[in-house]
Every structure is written in C-alpha cells, then in structure tokens.
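A look at the structure
Chain by chain, the residues:
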Amino acid sequence: MQNLSITSKTLNLLQLILQVNFNAAVITLLISGVATILGNSLFFADNSDLYGPLANNMRLMMFYLCLIQVAVYSFYKLDHRPEALAALGIFLLLLIAALEFYCSINQIDVDDNYRQLLLYSGLSHLLYGGCAALRDPQHRS
C-alpha cells in the first residue's frame, strides 16, 4: 500500500514538473516568436545581411508558429484534449527536418537557436501531452 502511495506521489510530481516545463516552453515559443516578428534579436541572431529577402520567411514562420501555438493551447484548455499538445510536439520536431531542408535548398545557415527552440518546445509538448493523455483515461476512445 505504501508503494502505491509513493508511486502516486512520484507520478504527481513528474506531472507537475512536465506541466511547469510545458508552460515555460509555450511562453518561450511565444516570446521568441513575437521578438523575431518585430525584428528583435533577443533569441536569434539578426542575420538580415545573410538572409536578405529570406529574412521575412523566418519571421513569417515564427508568426505562424505563434498562431498555431495559441490555437492548439486554446483547443487544449477548452476541450481538455492533451492529444492536441502531443500532436503539436510531433509537428515541432518534424519542423526541425523541414528547417534543415529549407537551409540546404536556399544554401544558407540559420541560427542554431531555431533548432534548439523547436527541439525544446517539441519535446515539452510531446511529453506533457502524451503523459496527460495516458494518465487521463476518461478522454481516451
């Protein structure tokens, strides 16, 4: 009986840690997105001379990521479906490969902080959404 109590407390602590990390990832993604859209080099190096006309492509990508983040987070809060967060996490992780492809096609180097942001946000969304979906059986089909 005591093992069950310890396991339950451990799972609750893990869920709390994942939730705090997830919220930090959401805030980081939104702040970095807004900073990039506004041309601030708070998170990413300002390589406007390197990117030239492609600089707006990265700003547009961050704008869309902010919109997607707000939409999925709102859907999660309104409908209590953590699967949406896990799906967004997978999308963010796949976006790393898309960014690599974008860089190779356009023959440019993109700031590594983009990859790190997508990896951190993607894993945070996937872990929190996946664990919440597994833990909450009432929303599973």
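Residues numbered from 1 in each chain as written. Predicted model: local features only at pLDDT ≥ 70, side-chain atom pairs only at ≥ 80, totals over all residues. Heavy atoms only, no water.

**Some thoughts on the pattern of salt bridges**
The cut-off we apply is this: Within this document, salt bridges are pairs made up of a side-chain nitrogen of Lys or Arg and a carboxyl oxygen of Asp or Glu, the two lying within 4 Å of each other. For every residue, the accessible area (1.4 Å probe, protein chains only) is compared with the maximum for its type, and the residue is labelled buried under 20%, exposed over 50%, or partly exposed between those bounds. Starting at the N terminus, helices and strands are each numbered in turn, a helix being any DSSP run of H or I of at least four residues and a strand any DSSP run of E of at least two.
Per the counting criterion, the structure on display carries 3 salt bridges. Residue Glu 83 pairs with Arg 81 through a salt bridge whose shortest N-O separation is 3.5 Å. Residue Glu 83 is classed as partly exposed on the basis of its relative accessible area of 28%. The residue Asp 112 makes a salt bridge to Arg 115 at a minimum N-O spacing of 2.6 Å. Here the residue Asp 112 and the residue Arg 115 both occupy positions in helix 5 (residues 112-135), the gap between them amounting to 3 residues, near one helical turn. When its relative accessible area of 18% is taken as the criterion, Arg 115 is described as buried. Ionic contacts of the salt-bridge type, sharing partners, join the residues Glu 100, Asp 112 and Arg 115 into one network.

**A look at a nonpolar patch on the surface**
How we decide: In this analysis, a patch consists of residues with relative accessible area above 30% that form no salt bridge, clustered at 9 Å for like charges and at 5 Å for the nonpolar side chains Val, Leu, Ile, Met, Phe, Trp and Tyr. With residues, only the protein chains shown are counted as cover, and all accessible areas are computed by Shrake-Rupley using a 1.4 Å probe.
Taken together, Val 34, Ile 37, Leu 38, Leu 60, Phe 63, Tyr 64, Leu 67, Ile 68 and Phe 91 make up a surface patch of nonpolar side chains, about 810 Å² in accessible area. Considering each element in turn, the nonpolar patch owes the most residues, 5 residues, to helix 3 (residues 55-79). Given the relative accessible area of 35%, Phe 91 is considered partly exposed.

**Structural notes on the confidence of the model for the chain**
For clarity, the threshold we go by: The pLDDT value expresses, per residue, how confident the predictor is, ranging between 0 and 100.
Mean pLDDT over the chain stands at 83; residues scoring 70 or higher make up 84%. Model confidence for the chain, summarised as mean pLDDT per element, is weakest for helix 2 (residues 48-51) at 53 and strongest for helix 4 (residues 83-106) at 91.

**Some thoughts on the side chain of His 125**
So the rule is basically this: For this analysis, a polar contact is any N or O atom pair within 3.5 Å, provided that within protein one partner can donate a hydrogen and the other can accept it, and provided that sequence-adjacent residues contribute only side-chain to side-chain pairs. Pairs of residues are marked as contacts when any of their non-hydrogen atoms sit within 4.5 Å.
Note that His 125 resides in helix 5. Judged by relative accessible area, His 125 falls into the buried class, the value being 0%. A distance of 2.8 Å separates polar atoms of two side chains, one belonging to His 125 and the other to Gln 69. Those residues in contact with His 125 that lie beyond four places of it in its chain are Phe 22, Val 26, Gln 69, Leu 85, Ala 86, Leu 88, Gly 89, Leu 92 and Gly 130.

**Regarding the environment of Val 70**
Locating Val 70 in the fold gives a position in helix 3. C-alpha of Val 70 to C-alpha of Val 26: the two residues are 44 residues apart in sequence and 8.9 Å apart in space.

**What to know about helix 5**
Rule in force here: Each residue after the first adds 1.5 Å to the expected span of a helix.
Its 24 residues place the ends of helix 5 34 Å apart at the C-alpha level, agreeing with the 34 Å of an ideal helix rising 1.5 Å per residue. Tyr 114, Arg 115, Leu 117, Leu 118, Ser 121, Gly 122, Ser 124, His 125, Tyr 128, Gly 129, Ala 132 and Ala 133 are the residues of helix 5 that are buried.

**Regarding the nonpolar core**
Applied cut-off: The set of buried Ala, Val, Leu, Ile, Met, Phe, Trp, Tyr and Cys residues whose side-chain atoms join them within 4.5 Å is what this entry labels a nonpolar core.
If you look at the biggest cluster of nonpolar residues, it comprises 26 residues, and the most contacted ones within it are Met 58, Met 62, Leu 65, Leu 99, Val 110, Tyr 114 and Leu 118. When residues of this core are traced back to their parent elements, those giving at least two are helix 1 (2-37), helix 3, helix 4 and helix 5. At 9 residues, helix 4 tops the list of elements feeding residues into this core. Here Tyr 114 is in contact with Thr 36, Phe 44, Met 58, Met 61, Met 62 and Leu 99, once residues within four sequence places are set aside.

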